[in-house]
Amino acid sequence: MTVKHISFDVWNTLITANPLYAEERNKIIAEYASCSEVEAATVYKEVKTLLDLKAEKGICGTSRNAWETLSAHLNIDLDKVDGLKRDCLAMFIKHPPTLNPELCKKLEELSSTYSLSIKSNTNFVPGSFLAVYSGLTKLPFDFMHFSDEFCLCKPDPRFFKLSFDEMVTFDLAPEEILHVGDSLIYDGKAVDIGMKFCHIINPEDLLAKLKKEELINA
């Protein structure tokens, strides 16, 4: 069947992390934990890996859960979690992810033929917050699904199936929905429920495929 709807992952698919945010975030974490920036960066990476491994098993939670886990690993008092999260997200606003304007233009063009959506795992940065400050809310997405809002995450088939609920009024079959993402582990599982899948490496790869009109048949 012909693809009628395209679902996109976010990180490393549509946007790229800003290294300046990581630097400033690690400084904030180090201050709260009374540790070195090197230790803060190391533990943050370890906790993120832990959260990603849990997501692979279908286990995920809210953004606050992620900050609580990090705080526990660094012995930061739980009554300081909200402040840590607030200060880091304030720095995220100052140093948002990179969203290529040329890619935005191509997505606008794509929306004239296909309906578009987002399906993304999140941990430390809430999905709704991410959407606003990365500029995704300015693009023509019909709906956005973030794991922290549903406590469901890729590759859990229930998370992918949320798209069917959104698209019920369009009466689309699973094979009429294409999911695009950079992870074979998380995004690639869309095929298990009948959706099509296009694996891309990064936003630059996605842009190249859009320019060459290779996305649908990649």
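Structure's up top.
A quick note: this is a predicted structure, and the numbers were derived from the prediction, not measured.

Some details on the overall build of the protein chain
Thinking step 1. Of the regular secondary structure elements, the protein chain holds 9 helices and 5 strands.
Thinking step 2. The order of helices and strands in the protein chain, counted from the N terminus, is β-α-α-α-α-α-β-α-β-α-α-β-β-α.
Thinking step 3. On C-alpha atoms alone, the protein chain measures out to a radius of gyration of 18 Å, which is about the 17 Å that the 2.2 N^0.38 rule sets for 218 residues.
Thinking step 4. When its C-alpha atoms are laid out on the principal axes, the protein chain stretches across 55 × 35 × 25 Å.
Thinking step 5. Among the 218 residues that make up the protein chain, the fraction classed as buried is 51%.
Thinking step 6. Split by element, the accessible area of the protein chain, about 10600 Å² in all, is 53% carbon and sulfur.

Considerations on the nonpolar core
Thinking step 1. Membership of the largest hydrophobic core comes to 53 residues, with the highest contact counts inside it found for Ile6, Phe8, Leu14, Leu136 and Leu215.
Thinking step 2. Examining the composition of this core, we find that 6 residues originate from one element, helix H4 (residues 81-94), more than from any other.
Thinking step 3. Beyond its immediate sequence surroundings of up to four residues, Ile6 is in contact with Leu110, Tyr114, Ser115, Leu116, Ser117, Leu178, Val180, Leu215 and Ile216.
Thinking step 4. Counting 8 residues, the second largest nonpolar core, distinct from the first, contains Phe143, Phe160, Ala190 and Met195.

Description of helix H5 (residues 101-110)
Thinking step 1. All of the buried residues along H5 are Leu103, Cys104, Leu107 and Leu110. Buried positions in H5, seen along its axis, are confined to an arc of 120 degrees and lie on one side of it. In H5, the exposed positions angled more than 90 degrees off the buried face are occupied by Pro101 and Lys105.
Thinking step 2. On its buried face, H5 is in contact with strand E1 (5-8), strand E2 (115-120) and helix H9 (203-211).
Thinking step 3. Between the side-chain oxygen of the N-cap and the backbone nitrogen of Glu102 there are 2.8 Å, and the N-cap of H5 in question is Asn100.

Regarding helix H2 (residues 37-56)
Thinking step 1. Given a rise of 1.5 Å per residue, 20 residues ought to cover 28 Å, and the 29 Å separating the end C-alpha atoms of H2 matches this to within 8%.
Thinking step 2. Inspection of H2 places Ala40, Val43, Tyr44, Val47, Leu51 and Ala55 among the buried residues, and these make up the whole buried set. Angularly, the buried residues of H2 cover 120 degrees about the axis, an arc narrow enough to put them on a single face. Summarising the geometry of H2, the exposed residues directed more than 90 degrees from the buried face are Val38 and Lys45.
Thinking step 3. Where H2 is buried, its residues contact helix H1 (19-33) and helix H3 (63-73).
Thinking step 4. Once H2 ends, the next one or two residues include Gly58, with phi positive near 85 degrees.

Here we look at the sheet that holds E2
Thinking step 1. The strand order across the open sheet built from 5 strands is E3-E2-E1-E4-E5, with neighbouring strands paired in parallel fashion. This sheet does not close on itself; its edge strands, each paired only once, are strand E3 (143-146) and strand E5 (196-199). On average, each strand axis in the sheet is inclined to that of its neighbour by 20 degrees, with strand direction left out of account.
Thinking step 2. Examined bridge by bridge, E1 and E2 share 4 bridges and lie parallel to one another. By the bridge assignment for E2, Ile6 is matched with Leu116.

Digging into the packing of aromatic side chains
Thinking step 1. A complete count under the given rule lists 7 aromatic pairs for this structure.
Thinking step 2. The interplanar angle of 70 degrees and the centroid separation of 6.3 Å between the aromatic rings of Phe8 and Phe141 together place this pair among those described as edge-to-face. Residue Phe8 is located in strand E1, and its partner Phe141 is located in the loop between helix H6 (127-133) and E3; the two are separated by 133 residues in the primary sequence.
Thinking step 3. The ring centre of Tyr44 lies 3.6 Å from the NZ or CZ of Arg25, which sits over that ring.
Thinking step 4. Above the ring of Phe159, the side-chain terminus of Lys119 is found at 4.8 Å from the ring centroid.

Remarks on the pattern of salt bridges
Thinking step 1. Following the criterion strictly, the structure yields 13 salt bridges and no others.
Thinking step 2. For the salt bridge of Lys154 with Asp9, the shortest nitrogen-to-oxygen distance reads 2.8 Å. On the criterion of sequence distance, the pair formed by Lys154 in the loop between helix H7 (147-150) and helix H8 (157-166) and Asp9 in the loop between E1 and H1 is long-range, its members being 145 residues apart.
Thinking step 3. In this structure, Lys189 and Asp192 form a salt bridge, with 3.8 Å as the shortest nitrogen-oxygen distance.
Thinking step 4. The partly exposed category is assigned to Lys189, whose relative accessible area is 38%.
Thinking step 5. Linked by salt bridges that have partners in common, Asp9, Lys154 and Asp187 make up one network.

Cut-offs used in this document
Residues numbered from 1 in each chain as written. Predicted model: local features only at pLDDT ≥ 70, side-chain atom pairs only at ≥ 80, totals over all residues. Heavy atoms only, no water. Helix = DSSP H or I, 4+ residues; strand = E, 2+ residues; numbered from the N terminus. Rg over C-alpha atoms; globule rule 2.2 N^0.38 Å. Buried < 20%, exposed > 50% of the residue type's maximum accessible area, 1.4 Å probe, protein only. Areas by Shrake-Rupley, 256 points an atom, 1.4 Å probe, with all protein chains shown as cover. Core = buried A, V, L, I, M, F, W, Y, C linked by side-chain atoms within 4.5 Å. Contact = heavy atoms within 4.5 Å. Arc of directions from axis to C-beta. Polar contact = N/O pair within 3.5 Å; in protein donor to acceptor, adjacent residues only side chain to side chain. Expected span 1.5 Å × (residues − 1). Pairing = 2+ DSSP bridges. Axes fitted to C-alpha atoms, helices over the stretch in contact; angles between N-to-C directions. Phe/Tyr/Trp six-rings, centres within 6.5 Å; stacked < 30°, edge-to-face > 60°. Lys NZ or Arg CZ within 6 Å of the ring centre and 35° of its normal. Salt bridge = Lys/Arg side-chain N within 4 Å of Asp/Glu carboxyl O.

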